[in-house]
Each structure stands twice: as structure tokens, then as C-alpha cells.
Amino acid sequence: VRRDRGVDQGLMAAAMLVFNLGATPLFDLIGPTHTEFHLGLLLLLVGLAGSRSVEAARGLGLRVMEEGFPDREYTSEGQLIPRGQAGALITDVNEVAVHAVSLALNGIKFGEKQIRVDTLCLHGDNVHAVENARKVRDALQNAGMEVTAD
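For clarity, every value in this text was computed on a predicted model and none was experimentally measured.

Peer 1: Help me understand the environment of Asp-138, please; the structure alone is not making it clear to me.
Peer 2: In this structure, Asp-138 sits in helix H6 (residues 129-142). For Asp-138 and Ala-97, which are 41 residues apart along the polypeptide, the C-alpha to C-alpha distance reads 8.2 Å.

Peer 1: Looking at this structure, how should I read the pairing of strand S1 (residues 44-48)?
Peer 2: Where burial is concerned, most of S1 is hidden: 5 out of the 5 residues are buried. What joins S1 to strand S2 (residues 63-68) is helix H4 (residues 52-59), and the crossover it makes is right-handed.

Peer 1: Please clarify how the side chain of His-123 should be interpreted in this entry.
Peer 2: Mapped onto the secondary structure, His-123 falls in the loop between strand S5 (119-120) and H6. Residue classification places His-123 among the buried residues on the basis of a relative accessible area of 16%.

Peer 1: For this particular structure, what's the right way to read H4?
Peer 2: Along an α-helix, a turn takes 3.6 residues, which lines up residues three or four apart on a common side. Turning to H4, its buried residues are Ser-53, Val-54, Ala-56 and Ala-57. Down the axis of H4, the buried set is contained in an arc of 165 degrees. They therefore lie on one face. Residues Glu-55 and Gly-59 are exposed on H4 and point more than 90 degrees away from its buried face. Note on H4: the residue one or two positions beyond its end, Gly-61, has a positive phi of about 85 degrees.

Peer 1: Looking at this structure, I do not really get helix H5 (residues 93-106). What am I missing?
Peer 2: End to end, H5 covers 20 Å across 14 residues, agreeing with the expected 20 Å (1.5 Å per residue, within 8%). Here H5 has its buried residues at Val-93, Val-96, Ala-97, His-99, Ala-100, Val-101, Leu-103 and Ala-104. Capping the start of H5, Asp-92 holds a side-chain oxygen 3.0 Å from the backbone nitrogen of Asn-94, two or three residues further along. Once H5 ends, the next one or two residues include Gly-107, with phi positive near 75 degrees.

Peer 1: What exactly am I supposed to notice about the pairing of S2 here?
Peer 2: For a regular strand, side-chain orientation follows a simple rule: the groups alternate between the two sheet faces. When you tally the buried positions in S2, you get 5 out of 6 residues, the bulk of the element. When S2 meets S5, the two strands line up parallel, connected through 2 bridges. Directly across from Gly-68, in S5, lies its bridge partner Leu-120.

Procedures and definitions
- Residues numbered from 1 in each chain as written.
- Predicted model: local features only at pLDDT ≥ 70, side-chain atom pairs only at ≥ 80, totals over all residues.
- Heavy atoms only, no water.
- Helix = DSSP H or I, 4+ residues; strand = E, 2+ residues; numbered from the N terminus.
- Buried < 20%, exposed > 50% of the residue type's maximum accessible area, 1.4 Å probe, protein only.
- Right-handed = clockwise from strand over helix to strand, strands pointing away.
- Arc of directions from axis to C-beta.
- Expected span 1.5 Å × (residues − 1).
- Polar contact = N/O pair within 3.5 Å; in protein donor to acceptor, adjacent residues only side chain to side chain.
- Pairing = 2+ DSSP bridges.

Interpretation in functional terms is not warranted from these geometric data alone.
Okay, here's the thing in C-alpha cells:
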């Protein structure tokens with residue numbers, strides 16, 4: 001998580017509940033009668049970069065972090081390629097590290113949109129998860145970025 005964006009990492013756990021529903025606008029998830037109550041609880045949304053939930057959260061005035069996935073590939077519409085499809089996973093640890101640096105520096109480009117990536121997520125269920133984490137950390141540091149974890 002990039003501290004230079006002024007994000008308190010302790011706030012992210014509650015927001016992650018919404019992430020997997022990233023294709024659904026936040027307002028649809030919480031409903032009009034409960035919006036005020038839930039907005040008091042949901043202080044920060046971490047969501048798939050460029051997703052509708054990120055857009056909806058911004059529209060509601062929430063703080064948002066756009067998340068990128070170094071070990072995954074994206075569709076031309078900026079969505080993650082479903083895991084069951086060929087090419088969805090990046091399995092080479094060096095490619096994961098290169099992709100992480102690219103996401104951190106350049107974000108995600110799809111169509112005419114360029115989406116900033118504020119935080120990176122590596123999947124722990126990847127057979128190379130630990131090696132990916134080490135390689136990504138080293139690659140980001142070698143690119144001049146500070147990597148922290150709380």
C-alpha cells in the first residue's frame with residue numbers, strides 16, 4: 001500500500017468485503033435506505049482498478065484505492081481474465097515482478113482509459129506465492145519504490 005496516498009492501512013479490512021462484488025455498484029450493494037449508515041462504516045474502498053464499484057464509491061465521496069494484480073492478466077475492458085480461461089494467470093515469477101513494476105508505474109490501460117493503480121495484490125493460492133512476493137518486492141525496490149507492510 002502506498003503511504004504517500006495518505007491511507008491508513010487499518011481501514012482496509014472492512015472495505016475488502018465489498019471487493020469481490022466489484023462489478024456491482026456500491027450503491028446497489030448497500031441500498032438507498034442504508035447508505036448513510038454504511039458509509040459511516042466503510043471508510044475506504046479497495047477495489048479492482050477501473051471497476052464500477054470504485055467509480056460508485058468515488059461518486060459517494062468515499063476514499064478509494066485502485067488495486068492491481070501482478071499475477072493476473074486483464075481483458076481489453078480492464079477486467080481480470082477469469083481464472084478458468086487460458087492466459088488468466090501469470091505463472092513465471094520474473095514476469096509477475098515486471099508486471100508489478102509496470103502496474104505501479106503506469107497503471108492499467110484499456111481502451112482509451114489509463115487507470116492509476118494504488119496498491120498491488122498477489123494471490124496467496126498461487127503455487128509461487130512466496131517467491132512472487134519476494135521478486136515483486138525486490139523489483140519494486142530496484143525501481144526506486146518503497147515497499148512497506150504493517
